[in-house]
Every structure is written in C-alpha cells, then in structure tokens.
Amino acid sequence: MGSHEVSNPDAIVGWLGLTGIPVRGVFNGCATGGTSLQMAAQAIRHGEADVAMAIGMDKHPRGAFAADPSAVGLPSWYGQTGMFLTTHFFGTKATRYLHDHGISVDSLARIAAKNLRNGSITPHAWRRKPMTPEQILASPVVNHPLTQYMYCSPDEGAAAVVLCRADLASRFTSAPVYLRSSVLRSRRSGAFEMQSPSLPLHRAPSPTVDASVAAFEEAGLGPDEIRVAQLQDTDAGSELIHMAENGFCKDGEQEQWIADGATEITGRLPVNTDGGLIANGEPIGASGLRQVYETVLQLRGRAGERQVPGNPKTGYTHLYGAPGASTVSIFSR
Amino acid sequence: MTTRVPVAEGVFTWPSDQPRLIGSERDGVISFPAEPGAPQRLLGTRGTLWSFTNQQFRPPSPPYDGNDTAETFVPYALGYVELPGELLVQARLTEPDPAKLRIGQPMELVVVPYTVRDDGTEVLTYAFAPADDTTGDGSND
C-alpha cells in the first residue's frame, strides 16, 4: 500500500475488511506505485500469498513536496537559498539533453500536446482540455525550457492492482494479463539526479536504464516487441528522455519519432495512451498503478476511444523519481 | 554600514577577498558540501557551465527564506558548473536570462546577497557568474 500524504495507509482502508493478512506501507518517491506492485509480486513469488493487492492513494495539496532539506539529509541553506526543489532538476536535465542530442523545444511541446489530447479522450483523466503545441509553448516558463503545460501537477487519486499466482488466474478472469517482470533499481554513483548540491565528474546511466535492461531480460522480450508503453512523464522532457533510457530508441532519435507521430495511439509505439502524468496529475502512491490499469485495459481491448489498434499483446510501464529510483514492469496476455 | 553574513558557516570561506567553496576529500572522493568528519578541501573557483535552467516561480517557503513575495520575486537561473578535476557544483547563476547562458561557457565563483533580513542584514550565498564579463569577486557591488 503506497502513499506519500497518508503516513499509515493501512489505517484508512479498514472498510476493505479486517482479516489479519500482512499489510505493508511503502513510500519510494515517484516510484512508489511500481514498488508496491513489485512487493506484491514478490509476496506471491516467495509463497507468502496466492493473491495479493497493490493499492496506491494520495491527495496532494497545492504546493505539495515542500519540505525541510534536513528530511533528506541535506543542509538547511540548500533550501533557504531556493535550490531544494524537484522541478528545476527536470529543466536542467532537459537543457543538457536537448543540447547534446540536437532536439528542439518543439518536440517537448508536441509530447505535451499528445498527452493532453490522449487525456481528452480518457474519461477519468484530470486535465481533459486539448492544447496545441503553440499554446503549450506560449504558456509561462516554469523552468527553462519547460513551460507550465509541459509539467504534470500534484493532484489526488487512487488505483489498485490485484495479482494472483498465474496458475490460479483462470479462477478469477477469462482474460488474464501476465506480469512478465517487475524490477526496481536505485541510482548508482554518477547518475544525474535531483536534490544534488554536487555530483561527481563521471557519469553513470540513470536507474531507469538499469531497471529497463533487467526487466527486458527477465521478461525474455526486447524493446521492439512492446506494443504500448506508459513512461514517467513528470514533464515532457522526462518522457522524451525516457524513450531512450528505456531502450525504445537511441538518444536523439526522438526528434524524428515525434515528427512521425510514432508515439501517438496510432503510431508504432504508443506512449502514455491515457495522457500520462501530464493529463492525470501525479498522486504519487497511485500513479504507477494507474499505468498498470491503462496497460491492462489496452491488452484486453477495453480502452474505448483510445484503444491501440492491432490487438496489442505486450505492455510496458515505467516510473522514475527522487532521489533516484526507477521501476519497470512488463506485461503480456 | 550594511552587515553581511553568510547563509551558513562552512559553505564558503568568509570573510574573504577571494572566497572558495569548502568541500572535502576522503579516499579520493571529493564532496560538496563537506562531508562531516572528512578532511576539508577548498574547491577551485573557475569552471564551465554543464547545464542550466531558471526558477520562474517563488520556491515554497519554508524552506526558501528570501524576503520577497510571489509578486516581488525576481527569477534567477541555476545550474551545474564543472570544476575541472573536482566535481559538478550546483549553484545559482548571476545571469538570470537562459538566452544569455550556454553550455560550456566559462564561469567563476562569486558571493552575493540573496536576501535581506528585517534588521537590514544581508544574507550571502555563493553563485557562479559568466567569467567573461565579471571583475572582482562580485561581493563589492
């Protein structure tokens, strides 16, 4: 059970029934949803349970995530001088990535426009008004080069995923979706991570890269075999960078992919078909489980107006968050 | 005379005509801020801009303690400066306009006031300034 705002989520789900079964609270930054899914899968794998449920919920106030830096082991002056924020990390990472790989700001606007458009046909999305790339570029800059509508916002929401032993699935459903792998990785020294007053000179891959490689290996699938993907889009730059970090394209190829519409619902790899975080906000306990919900709907052919054509059989979900944690899960039917 | 105090002790050498960031080095690993208990090492004052962004809205307060309001907040830029042979340091940049910043440009350390307390005391922090158009240490404005 994952949450940020609820310090003891177990205490507020009593109406699900008090049965004595093991309940664990989990918080792992923006990777919380994927972590609770991974823990539920582990409980089954280890024989602790035949059926397990991952639950996520949060209700963030406006301006959530303001905290004293000492809570994460950083000095007070880091916060006093206006450097203890997560948002500027995304601007800094995007500035460097766009520079290194020759990608235009227009691609960021097109990603945000795509997610808002997907959100507009997703009944449970939070932002449902489509915007053009031009409108998105013209909205106020939050952290250069990212504008207001290239970012997600904290909001509220809940989601849950029920898992069971694969050999028991037919008891519960005629359309089971299999969890092929579920991997959690933390940052290595040299990864470019938020809340870092300094970083070593040597660079290491993001924990996303490590989680993705391990998840593909465990699933026995490759990136070109995935038919629908939900990638952490805290902002449009994150989605763009995560396309490469998760192995779907090479660094720099995103410009052409976006121009071709490759990540649209009708493209060769639809990304964030329900509008992702940009359209759904980010209740961080629930967000990763929303990705699973969307993936299951897509694999069952029940995603309505936003259904990926061609009867997709494989799906991919990815989270990334502070202080450098990533989860990747791969699904098939 | 205006009283000036550093935002915290042990972040940069002060008072000083040529302030330096106070890092540490243990087992060949250089850290900033200084790791508690590790031998201290003053860091270089010149480097190149590794990446940058700007802060266009007033950060949540607390922990931010600037004496401005959402209306009077003056946006600033920040980024990472690569100190050769040492590390990447995150810092405010004195040039707030991203259009006037570029990756790889030479930067140098300055100490600047970032807020004024009710009694008139200026609170100082470290920042990096484009090295091409800066003279002195920036603290004598």
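Calculation rules
- The written sequence of each chain sets the order in which its residues are numbered from 1.
- Naming scheme: in the order in which they are written, chains are lettered from A and ligands are numbered from 1.
- Given that this is a predicted model, residues contribute local features only at a pLDDT of at least 70 and side-chain atom pairs are listed and counted only at 80 or more, while totals for whole chains, interfaces and linings are drawn from all residues.
- Excluding hydrogens and water, the side-chain figures rest on all heavy atoms present in the structure.
- The helix and strand labels rest on DSSP assignments: H or I over at least four residues marks a helix, E over at least two residues marks a strand, and numbering proceeds from the N terminus.
- Computation of the radius of gyration draws on C-alpha atoms, with the globule rule given as 2.2 Å multiplied by the number of residues to the power 0.38.
- Using a 1.4 Å probe on the protein chains alone, a residue whose accessible area is under 20% of its type maximum counts as buried, one over 50% counts as exposed, and one in between counts as partly exposed.
- Throughout, nonpolar core names a set of buried Ala, Val, Leu, Ile, Met, Phe, Trp, Tyr and Cys residues whose side chains join them through atoms within 4.5 Å.
- Pairs of residues are marked as contacts when any of their non-hydrogen atoms sit within 4.5 Å.
- One confidence number per residue, pLDDT, is output by the predictor and ranges from 0 to 100.
- Here a strand pair is declared whenever DSSP counts at least two bridges between the two strands.
- Fitted lines through C-alpha atoms serve as axes, helices being fitted only where they are in contact, and the angles separating the N-to-C directions of these axes extend from 0 to 180 degrees.
- Working definition: roughly parallel below 35 degrees, roughly antiparallel above 145 degrees, roughly perpendicular at 65 to 115 degrees, and oblique for all remaining angles.
- A pair of aromatic rings is counted whenever rings of Phe, Tyr or Trp (Trp by its six-membered ring) have centres within 6.5 Å, and the orientation is called stacked for planes under 30 degrees apart, edge-to-face for over 60 and tilted otherwise.
- Ring-over charges, as used throughout, are those where CZ of Arg or NZ of Lys falls within 6 Å of the ring centre and within 35 degrees of the ring normal.
- Patches in this entry comprise residues that are over 30% relatively accessible and not in a salt bridge; like charges within 9 Å are linked, as are nonpolar side chains (Val, Leu, Ile, Met, Phe, Trp, Tyr) within 5 Å.
- Using a 1.4 Å probe, the Shrake-Rupley method yields the accessible areas, and only the shown protein chains count as cover for residues.
- By definition, a salt bridge exists where a carboxyl oxygen of Asp or Glu is found within 4 Å of a side-chain nitrogen of Lys or Arg.
- By this rule, a helix spans an expected 1.5 Å times one less than how many residues it contains.
- Only Asp, Glu, Lys and Arg are considered charged in this grouping, and only Ala, Val, Leu, Ile, Met, Phe, Trp, Tyr, Cys and Pro are considered nonpolar; every other residue, Gly among them, is considered polar.

**Side note on the overall build of chain B**
Looking only at helices and strands, chain B has zero helices and nine strands in total. Along chain B, helices and strands appear, N-terminal first, in the series β-β-β-β-β-β-β-β-β. The C-alpha radius of gyration of chain B comes to 15 Å, within 12% of the 14 Å expected for a compact globule of 141 residues. When the backbone C-alpha atoms are referred to their principal axes, chain B occupies close to 45 × 35 × 30 Å. Each of the 141 residues in chain B was classed as buried or not, and the buried ones make up 49%.

**Quick look at the nonpolar core**
By size, the foremost hydrophobic cluster in this structure holds 51 residues, and its most contacted members are Ile136(A), Met150(A), Leu240(A), Phe248(A), Tyr316(A) and Ile330(A). Secondary structure elements with two or more residues in this core: helix H3 (87–101), helix H4 (105–120), helix H7 (207–219), helix H8 (236–245), helix H9 (254–260), strand E8 (314–321) and strand E9 (325–332) of chain A. The dominant element in this core, judged by the number of residues it contributes, is H4(A), at six residues. Setting aside residues up to four positions removed in sequence, Ile330(A) forms contacts with Tyr178(A), Leu179(A), Arg180(A), Ser181(A), Ala215(A), Phe216(A), Ala219(A), Leu221(A), Ile226(A), Gly315(A) and Tyr316(A). Counting 35 residues, the second-largest nonpolar core is a separate cluster that includes Tyr76(B), Ala91(B), Leu93(B) and Leu124(B).

**Things to note about the confidence of the model for chain B**
This prediction gives chain B a mean pLDDT of 92; 93% of its residues lie at or above 70. With pLDDT under 50 throughout, residues 133–141 of chain B is counted as low confidence; its partners more than four residues away or in other chains account for 17 contacts.

**As for the sheet that holds strand E3 (residues 29–31) of chain B**
Residues and elements named next belong to chain B. Strand order in this open sheet of three strands is E3-E2-E4, and the pairing throughout is antiparallel. Each edge of the open sheet is held by one strand with a lone partner, namely E3 and strand E4 (40–42). Neighbour-to-neighbour, the strand axes of the sheet open up by a mean angle of 35 degrees, direction not taken into account.

**Some points on the packing of helix H1 (residues 32–45) of chain A against helix H11 (residues 284–300) of chain A**
When two helices pack together, their arrangement is captured by the angle between the axes and the distance separating the axes. Residue and element names in this part refer to chain A. The contact between H1 and H11 brings their axes to 6 Å, and the two run at 65 degrees. Compared by their axis directions, H1 and H11 come out roughly perpendicular. Contacts from Thr32, Gly33, Gly34, Ser36 and Leu37 of H1 reach H11 at Ile284, Gly285, Gly288, Leu289 and Val292.

**Brief notes about the packing of aromatic side chains**
Under the defined criterion, the tally for this structure stands at 16 aromatic pairs over all chains. Between Phe192(A) and Tyr80(B), the ring centres sit 5.4 Å apart and the planes meet at 70 degrees, which makes this aromatic pair edge-to-face. With Phe192(A) in the loop between strand E5 (178–186) and strand E6 (198–200) and Tyr80(B) in strand E6 (residues 76–82), the pair connects residues from two separate chains. Residue classification places Phe192(A) among the buried positions, given a relative accessible area of 10%. Look at Tyr80(B) and you get buried, because its relative accessible area is 3%. What links up through ring pairs into an aromatic cluster is the set Phe89(A), Phe90(A), Phe192(A), Tyr320(A), Trp50(B) and Tyr80(B). Lying across the ring of Tyr76(B), Arg92(B) places its NZ or CZ 3.8 Å from the centre.

**Concerning a nonpolar patch on the surface**
Residues Ile12(A), Trp15(A), Leu16(A), Val51(A), Met53(A), Val162(A) and Phe172(A) make up a contiguous nonpolar surface patch of about 780 Å² in total accessible area. Along the polypeptide, Phe172(A) turns up in helix H6 (residues 169–172).

**Brief notes about H1(A)**
All names here are of chain A. In a regular helix each residue adds 1.5 Å, so 14 residues correspond to 20 Å; H1 covers 20 Å between its end C-alpha atoms and thus fits that length. For H1, a buried count of 11 out of 14 residues is recorded, marking the element as mostly surrounded by other parts of the structure. Within H1 the residues assigned to the buried category are Thr32, Gly33, Gly34, Thr35, Ser36, Leu37, Gln38, Ala40, Ala41, Ala43 and Ile44. Against strand E1 (51–59), strand E4 (156–164), E5, H11, E8 and E9 lie the buried residues of H1. Of the residues trailing H1, Gly47 is marked for its positive phi of about 85 degrees.

**What to know about the packing of H4(A) against H8(A)**
Residue and element names in this part refer to chain A. H8 packs onto H4 with a crossing angle of 100 degrees between their chain directions and a minimal axis gap of 8 Å. Here H4 lies roughly perpendicular to H8, going by the angle between them. On H8, the residues touching Ser107, Leu108, Ile111, Ala112, Lys114 and Asn115 of H4 are Ala236, Gly237, Glu239 and Leu240. Residues belonging to the contact of H4 with H8 are distributed by class as follows: five nonpolar, three polar and two charged.

**Notes on the sheet that holds E5(A)**
Residue and element names in this part refer to chain A. Read across the sheet, four strands follow the order E5-E9-E8-E7 without closing on themselves; strand pairing throughout is mixed. The open sheet has two edge strands with one neighbour each: E5 and strand E7 (228–230). Each strand of the sheet is rotated relative to its neighbour by a mean of 10 degrees, with strand direction disregarded. Note that E7 and E8 share three bridges and pair parallel. For Gln230, the partnering residue across the bridge sits in E8 and is Thr317. Sheet strands in contact with H7 are E5, E8 and E9, and its direction is about 150 degrees off that of E5. The sheet strands contacting H11 are E7, E8 and E9, and the helix crosses E8 at an angle near 170 degrees.

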